[in-house]
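Structural description and commentary
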Amino acid sequence: MNTLYISSCVRDGGLYRCELTEDGALRSCGVIPADRPMYAIWQDGILYVLEREPDAETHESALRRFAVRPDGAYRELDFRQSTRGVCAPHLCVKDGAVYAVNYLSGSVCRIPDIVAQHQGSSVHPTRQEAPHPHFIMEAPDGVLLVTDLGLDRIVAYDAELNRIAETALRPGSGPRHLAFSSDGKTVFCVSELSSTVCMYRYDGAGRMTLLDEQSTLPKDYAGESTAAAIRVDGERVYVSNRGHDSIACLRAEEDALVSERFLPCHGTGPRDFDIVGDKIVCTNETSDSVTVLDKQTGKLLSALCLPRPLCVTVLPPERRQMESVGSQTP
């Protein structure tokens, strides 16, 4: 049995606690109310949640933190904290500090008081008219990596948000998310607008060397599609395609990517997904569904209806060892 939280990005939504069984059945067993949650991560017994726009006056996004017990009981640890920007779609935690990116206002924030503002644009007339940071993560060497969809750049920062390196992508790519190989030597970047994956050797200190770039779509596909989430599982790289409504599977070789197969997501608009053992749990934003697929065949194992599901957060098995954190139950 695995425990997951699925964010439902509507005003009366929240973080739905779900249980995934060995045979792939997914059921909802509680909810932490939240206002249009965009993204959530689990770290050290704490669920970190980004709300899209809880402040109607400033329109700024906000961070909330919940301590959660294995039985689903939870308590909020502090008050909402602003991300100092508009529409925060991603966050990470490094050495206890929380960092978030603000897509519409084009900034990176170390909550609550340090902001790095991006400047510029790229070639797409409506999606790259300004900077649009979409993702932030800590690299294996402690550097913070930010993808800016609007600038076609991967920007590297230190803990104080001093810029230390940049990697440029092909104009019009629209870099969205990153994922590292298990050994930390290779980083993969999925680009939303070009529906491609770039494979880089990670040289350290935020520097990267391009090894290969491959499409996430079938060669004969001529429709509209945008890539979204990326996950690495051993030597396989998985990417969700919104439009083609599939999850692409590519094999990572020493310095190249090889397209292997495309799994149907059994919904529309697969924004996020995660791999849980031999299963894939996928949030289909535009069909209001969460689907569970067999990782090898793409067979639909189960489905759950949720309004505008955006993010999958999988809790690790060691959550059972967490201490008691309160008695409120969702």
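Structural notes, computed from the coordinates.

Procedures and definitions
Residues numbered from 1 in each chain as written. Predicted model: local features only at pLDDT ≥ 70, side-chain atom pairs only at ≥ 80, totals over all residues. Heavy atoms only, no water. Core = buried A, V, L, I, M, F, W, Y, C linked by side-chain atoms within 4.5 Å. Buried < 20%, exposed > 50% of the residue type's maximum accessible area, 1.4 Å probe, protein only. Helix = DSSP H or I, 4+ residues; strand = E, 2+ residues; numbered from the N terminus. Contact = heavy atoms within 4.5 Å. Pairing = 2+ DSSP bridges. Axes fitted to C-alpha atoms, helices over the stretch in contact; angles between N-to-C directions.

**Observations concerning the nonpolar core**
In globular proteins that are soluble, nonpolar side chains generally tend to be buried together. Ranked by size, the top nonpolar core spans 17 residues in total, and within it Leu145, Ile154, Leu178, Phe180, Tyr200, Tyr202 and Met208 carry the most contacts. Elements supplying a minimum of two residues to this core: β13 (133-138), β15 (153-157), β17 (175-180), β18 (186-191) and β19 (196-204). Of the residues forming this core, the biggest block, three residues, is contributed by β19. Not counting chain neighbours up to four residues away, the residues in contact with Leu145 comprise Phe135, Ile136, Met137, Ala139, Val155, Ala156, Leu178, Phe180, Tyr202, Gly206 and Met208. Listed in part, the 14 residues of the second largest apolar core include Ile46, Tyr48, Val93 and Cys311.

**Overview of the sheet that holds strand β3 (residues 26-33)**
With antiparallel pairing, the four strands of this open sheet are ordered in space as β3-β2-β1-β29. If you trace the sheet from one side to the other, it starts and ends with β3 and β29 (309-314), each paired once. Looking at each pair of strands side by side, their axes are set apart by 25° on average, direction ignored. In this sheet, β29 lies alongside strand β1 (residues 2-8) in antiparallel orientation, the contact comprising five bridges. By the bridge assignment, Tyr5 is partnered in β29 with Thr313.

**A closer look at the sheet that holds strand β25 (residues 270-276)**
The antiparallel open sheet is built from four strands, whose spatial order is β25-β26-β27-β28. Each of the sheet's edge strands pairs with one partner strand only, and the pair in question is β25 and β28 (300-305). The sheet shows a mean angle of 20° between the axes of neighbouring strands, taken without regard to direction. Where β25 meets strand β26 (residues 279-284), six bridges bridge the pair, whose relative direction is antiparallel. Across the sheet, Phe273 pairs through a bridge with Cys282, a residue of β26.

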